[in-house]
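# Observations on the model geometry
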Amino acid sequence: MIKEITITINPEDEKNYNRLKTLVFKELKQNGIKFTAEKTTLVFQKKSIDARHGRVKLHLRYKVYIDEKPADSEDAVPVWKKVSESKTVIIIGSGPAGLFAALRLLEDEIKPVIIERGTDTTSRRKDIALISTKNFVNANSNYCFGEGGAGTFSDGKLYTRSNKRGDIGRILRIFAHFGADKAILTDAHPHIGTDRLPKVINNMRNKIIELGGEFHFNTKLTDFIIEECKGAETVCGVMTEDVISGEKTEFRGDAVILATGHSATDVYSLIARTSPAALEAKTFAVGVRVEHPRKLIDNIQYHGKTEGMPTAEYRVTVQEDERGVYSFCMCPGGFVVPSASGDEEIVVNGMSAAARNSKWSNAAIVVETRPEDIPQNFVGEAEKMGCPALAGLLFRTDLEKKAKMNGKGQAAPAQLLTDFLANKQSETLPETSYTPGITASNLNEWLPPHICTRLQKGFRDIDKKMHGFVSPEALLIAVETRTSTPVRILRDGETMECTVLKRLYPAGEGSGYAGGIVSSAMDGEKVANLIAFL
Ligand SMILES: Cc1cc2nc3c(=O)[nH]c(=O)nc-3n(C[C@H](O)[C@H](O)[C@H](O)COP(=O)(O)OP(=O)(O)OC[C@H]3O[C@@H](n4cnc5c(N)ncnc54)[C@H](O)[C@@H]3O)c2cc1C
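So, here is what we can say about the structure in this document. (Residues numbered from 1 in each chain as written. Predicted model: local features only at pLDDT ≥ 70, side-chain atom pairs only at ≥ 80, totals over all residues. Heavy atoms only, no water.)

### So, the overall build of the protein
Heads up, the rule is: Strands here mean DSSP runs of E at least two residues long; helices mean DSSP runs of H or I at least four residues long; both are numbered from the N terminus. Only C-alpha atoms enter the radius of gyration; for comparison, a globular chain is expected to reach 2.2 Å times N to the power 0.38, where N is the number of residues. Residue burial is assigned from relative accessible area. The probe radius is 1.4 Å, only protein chains are included, and a residue is buried under 20% of its type maximum, exposed over 50%, and partly exposed in between. In what follows, a contact means two residues having at least one pair of non-hydrogen atoms within 4.5 Å. What sets the accessible areas is the Shrake-Rupley method with a 1.4 Å probe; for residues, cover comes only from the shown protein chains. In this tally Asp and Glu are treated as negative and Lys and Arg as positive; neither His nor the chain ends contributes. Throughout, a charge is located at the NZ atom of Lys, the CZ atom of Arg, the CG atom of Asp or the CD atom of Glu.
Summing up its helical and strand segments, the protein has 12 helices and 22 strands in all. A globule of 534 residues ought to have a C-alpha radius of gyration of about 24 Å, and the protein, at 24 Å, matches this closely. By its C-alpha atoms, the protein is 70 × 65 × 40 Å across when sized along the principal axes. Burial analysis of the protein (534 residues in total) assigns 55% to the buried set. Within the protein, residue pairs in contact and separated by at least 24 positions form 71% of the contacts whose partners lie at least 6 positions apart. Surface exposure of the protein reaches about 22500 Å², of which carbon and sulfur atoms provide 49%. Averaging the coordinates of the 70 positive side-chain charges in the protein and doing the same for the 69 negative ones gives two points 5 Å apart.

### Here we look at the sheet that holds strand 19 (residues 438–440)
Defined as follows: Pairs of strands are assigned from DSSP output, requiring at least two bridges between the strands. Each axis is a line fitted through C-alpha atoms, and for a helix only the stretch in contact is used; angles between axes span 0 to 180 degrees, taken between their N-to-C directions.
One open sheet accounts for 7 strands, arranged 13-14-17-12-20-18-19; its pairing is mixed. Looking at which strands have only one partner, the edges of the open sheet turn out to be strand 13 (317–320) and strand 19. Strand-to-strand twist across the sheet, computed as the mean angle between neighbouring axes with direction ignored, equals 35 degrees. In this sheet, strand 17 (residues 360–369) lies alongside strand 14 (residues 323–331) in antiparallel orientation, the contact comprising 5 bridges. Bridge assignment links Val325 to a residue of strand 17, and that residue is Val367. Helix-sheet contacts for helix 9 (residues 391–405) involve strand 12 (284–293), strand 17, strand 18 (412–416) and strand 20 (475–480), and the interaxial angle to strand 12 is about 35 degrees.

### Quick look at helix 8 (residues 376–384)
Formally: Along the arc lie the directions from the helix axis toward the C-beta atoms.
Listed in full, the buried residues belonging to helix 8 are Phe378, Val379 and Ala382. Projected down its long axis, helix 8 carries its buried residues within an arc of 105 degrees, all on one side. Every exposed residue of helix 8 that faces more than 90 degrees away from the buried side is listed here: Gln376, Asn377 and Lys384. Against the buried residues of helix 8 lie helix 9. Where helix 8 ends, the next residue or the one after it, Gly386, has phi of about 85 degrees, a positive value.

### Let's talk about the site of the ligand
Applied cut-off: We define proximity as follows: a residue is near a molecule or strand when any one of its heavy atoms falls within 4 Å of that partner. In protein, a polar contact means a hydrogen-donor-capable atom and an acceptor-capable atom, both N or O and within 3.5 Å, with residues adjacent in sequence counting only if both atoms are side-chain atoms; elsewhere, any N or O pair within 3.5 Å suffices. Residues were grouped as follows: Ala, Val, Leu, Ile, Met, Phe, Trp, Tyr, Cys and Pro as nonpolar; Asp, Glu, Lys and Arg as charged; and all remaining residues, including Gly, as polar.
The local shell around the ligand holds 37 residues, among which Glu116, Ala150, Lys157, Glu509 and Ile517 are the closest. Between Ala150 and the ligand, the recorded distance is 2.8 Å, taken from a backbone N or O atom to an oxygen atom. At a separation of 2.7 Å, an oxygen atom of the ligand approaches a polar backbone atom of Ile517. Protein coverage of the free-state accessible area of the ligand, which is 990 Å², stands at 95%. Secondary-structure elements contributing two or more residues to the shell around the ligand are helix 2 (96–106), strand 7 (219–229), strand 16 (348–351) and helix 12 (517–532). Here the element with the most residues in the shell around the ligand is strand 7; it accounts for 3 residues. Its residues assigned to classes, the shell around the ligand shows 15 nonpolar, 16 polar and 6 charged.

### What about the sheet that holds strand 3 (residues 57–66)?
If you trace the 3 strands from one edge of the open sheet to the other, you get 1-3-2, paired in antiparallel fashion. Each end of this open sheet is capped by a strand with a single partner; those strands are strand 1 (2–9) and strand 2 (40–50). Averaged over all neighbouring strand pairs, the angle between strand axes comes to 20 degrees, with direction disregarded. Direction of pairing for strand 2 relative to strand 3: antiparallel, over a ladder of 10 bridges. By the bridge assignment, Phe44 is partnered in strand 3 with Tyr62. Together, strand 1, strand 2 and strand 3 form the strand contacts of helix 1 (residues 17–30), whose direction differs from that of strand 1 by roughly 120 degrees.

Here it is as structure tokens:
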């Protein structure tokens, strides 16, 4: 018999195995379960920290095997096979959606050909350094573009709310198999860390190549090859351009998975030109990154009892004037990073190392932005372009350009949170983790009023939940626009094919059906799974 038991303990009891065992046995007894201690084995499943109600408690979940041996399949991963020449699938983008799609195809011996505009992780690391040292953003190799996708140099948080979308455990086991710490299999809030993720991604790439898959770096999708098939426009391949030499190449395959993420504005423009009806406007979010000293957040979350505790996380949501204002991608002990994908814009995001030990903790605080919230001038512009669905994207681009105008190079516009609430430019700014630097700017003067008003109300209400959040030590850095995509590439609910272009499979965050590393990976797998049965 196997039973799942959760016990709640004080943090100081975590290493006291006898006490833990006693508590699990007590729980079994209370549930009327018959067992003998000698024939009972505890397998630890998950740990979560509960810092509510003024006390810190740990919840530990165990799988309890009574009169039977623990299954050893808990870290089982799929069998990836050498490709046969039967089918080739072109995958655009090597982010989580693209990589997990490729691995899933290999289970069925289908050959994945991955086209990636950016470089491999080693060269990409150098390009990323140039953003801070030379204020230069390489438009094809940056925090958003390159091997491993947008999450490669990130916190690598692997938690998702999309439990129903797929087998999260399977994704975590695959990450662990390719080198992530096995703790991700048991932590309630697993994360890999920016210092470890690139290696995991490299291991995945090597496996795909070893089994006969292909990778083409510095190679950008520029067009679809569309042919008429059974009366329907069908994508039979893609045209690409080498971003260094400009050389054009044609790739043909049985299907094309479009996993280009939500920063690839040029890909949305390509679809808008080719098949505008394939795009739909969707809700996204706009806001800022807030950075506090790590200790300040730890003290708030652990009510001053921080000794021996991991760096504290938070997640907050409030409602302001009928829109959600919420934290996103919280990076405990992390860094604010420049994640623009072009030199003409400033975009911020966050990351942290596995140890989560920087002096700061940061999070995006963003305002839900629905299609009806997009200012009319962008709606008009999108209509003129023949694709009204692009309005949100035009609005996003405009905000990112405004951030650049109010910053300096890649030094981002910034303001003390208290000054933002008082509507005055900050006279001095604190030390920050954001390496390109910051420059004082009154965000109220250039962020749209409907965003600023809600952010102001939101911060005041967050402070009611987390006393001390609004602090003279809290710094806002702008602009955070890429928490999710403003456009959806429509696909059939059953076949997951693009509704307009046959054999084109939009996947991952850029498709508008997923968000975050794990959910994008699951989406990539799902699409590949359907293609395998074509
Ligand atoms: C700094 C940062 C930190 C983040 N932290 C986290 C986190 O901790 N946890 C989390 O869950 N999520 C995080 N995210 C979000 C997460 O990275 C994305 O949700 C996820 O990567 C989306 O996966 P994807 O495969 O759909 O797309 P992406 O990862 O965006 O990958 C798309 C790929 O397509 C390539 N591409 C784009 N256009 C073309 C083209 N025309 N031709 C060829 N290739 C192209 C890009 O170069 C890129 O490699 C973070 C993002 C950033 C930027």
